[in-house]
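# Chain and residue survey
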Amino acid sequence: MANEKMFDTFTLPNGVILKNRIMMAPMTNYAAEENGEVSEAELAYYAERSGGVGAVITACANVTADGQGFPNEFGAERDELVPSLKRLATTIQDQGAKAILQIFHAGRMAPPELVGGQTVSASAVAPEREGAMTPRALEAEEVDAIIEAFGQATRRAMEAGFDGVEIHGANTYLIQQFVSPHSNRRDDKWGGSLEKRLAFPLAVVDAVEAVAKQDPSFIVGYRFSPEEVENPGITLDDTMQLVDALAKKDLDYLHVSVMDFFAGSIRDQNETRSPISLVQERVGQHVPVIGVGSLHTPEEVERSLEVVPLVALGRELIMEPKWVEKVEAGDTASIRTELDPSAQAELVVPDALWQGITSRPGWFPIKQTTK
């Protein structure tokens, strides 16, 4: 079978067996209820996509009220949301996939109107985007409280029956903001040298693992972006120090967030090797690495699995919810590679996500229909 590797089982460091090497990447869908509960539209969306993959990493769930990053985002910041989260976990697991809740704090990237009008971050440095608010620098006791909130969100995920959590340290959100010399200008124990800038993410990992160890089969992963375009910003050298430290923790995987699995550095044009491959070379023998980014065809996925043991698919599973099942059945000819503007109901995509997709040119290949 040409696609043999992707359908091999994989055993995580904690002993949990994934039925194959394909995971659903975490993607925001803007479809939760206003109170932070998971909606029926989201449950249908996840049910449609959870049958083939070995695991589903959900959209991000905020760990504090001031950490919400998107409108209509489901939350994990209070105990009242546990029954809602349980419905999500069960929906995914009923289709045969492991359910992993991604937990995060948006920091300075939060829309101000969702967080009481004022964003927060490591330091009072605005993101480099037009109209961005300058965040308020977190006080030391607030930093401690957020670390504890990650632990409490993990407890709620366990109570809801999730198989694990993914700590979202990528995509410019709060954990990455502490790592970055652009957003972290602190002069206390949480900032200054690279070692001090890494203290916050490592403290979050420790808080999550302290809770997770109550169940040895509970999965804990960590997602990160290997570079930033800002100057000063996170470099590949910085990231190698981060992954060295993460590899010493009891993590079950590291998830590298890039747009193109095989592309080189976004900061250094002379570095043509994929950051994913560099991470794998650095720590892959200590902790499993998940790769992601523009892996559209079975051939591209198989090629990526020559580099890392696990891959995540994102946009591919929006366009084609049955991507894995079709590849396994040898029906690759019917895999959708473009988004049909008339197929929202068939693809089971919530309204707000569909509107976001179809209003952003270039985000998805759009099928051209003739009348």
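Note that the structure is predicted; figures quoted are calculated from it, not measured.

### Some points on the packing of helix 7 (residues 236–246) against helix 8 (residues 275–283)
Here helix 7 crosses helix 8 at 40°, and the two axes come no closer than 10 Å. Our classification of the angle between helix 7 and helix 8 gives oblique. Seen from above, helix 7 lies across helix 8 with right-handed handedness. The residues of helix 8 that touch helix 7, namely those facing L236, M240, Q241, V243 and D244, are P275, L278, V279, R282 and V283. Considering only residue class, the contact of helix 7 with helix 8 consists of 7 nonpolar, 1 polar and 2 charged.

### Some thoughts on the sheet that holds strand 10 (residues 253–256)
Here we have 8 strands rolled up into a closed barrel, ordered 3-4-5-8-9-10-11-12, and parallel in their pairing. The mean angle between the axes of side-by-side strands here comes to 30°, regardless of whether they run parallel or antiparallel. Along the sheet, helix 2 (residues 82–94) contacts strand 4 (55–62) and strand 5 (98–104); its crossing angle with strand 5, the most-contacted strand, is approximately 140°. In the packing of helix 3 (residues 140–159) onto the sheet, the strands contacted are strand 5 and strand 8 (164–169), and the crossing angle to strand 5 comes to about 155°.

### Observations regarding the packing of helix 1 (residues 40–49) against helix 2
Axis angle and axis distance: for two packed helices, these are the angle between their axes and the distance between the axes, and together they describe the pair. Relative to each other, helix 1 and helix 2 sit at 25°, their axes nearing to 9 Å. Compared by their axis directions, helix 1 and helix 2 come out roughly parallel. The interaxial crossing formed by helix 1 with helix 2 has right-handed handedness. For the pair helix 1 and helix 2, the contacting residues are E40, L43, Y46 and A47 in the first and R87, L88, T91 and I92 in the second. Class assignment of the residues belonging to the contact of helix 1 with helix 2 gives a composition of 5 nonpolar, 1 polar and 2 charged.

### Considering the pairing of strand 5
Burial runs high along strand 5: 6 of the 7 residues are buried. The pairing of strand 4 with strand 5 spans 6 bridges and is classified as parallel. Looking at strand 5, one finds that N62 is bridged to F104. Read from strand 4 through helix 2 to strand 5, the crossover connection turns out right-handed.

Cut-off values and rules
- Residues numbered from 1 in each chain as written.
- Predicted model: local features only at pLDDT ≥ 70, side-chain atom pairs only at ≥ 80, totals over all residues.
- Heavy atoms only, no water.
- Axes fitted to C-alpha atoms, helices over the stretch in contact; angles between N-to-C directions.
- Helix = DSSP H or I, 4+ residues; strand = E, 2+ residues; numbered from the N terminus.
- Parallel < 35°, antiparallel > 145°, perpendicular 65-115°, else oblique.
- Left-handed = near helix turned anticlockwise from the far one by under 90°.
- Contact = heavy atoms within 4.5 Å.
- Nonpolar A, V, L, I, M, F, W, Y, C, P; charged D, E, K, R; others polar.
- Pairing = 2+ DSSP bridges.
- Buried < 20%, exposed > 50% of the residue type's maximum accessible area, 1.4 Å probe, protein only.
- Right-handed = clockwise from strand over helix to strand, strands pointing away.

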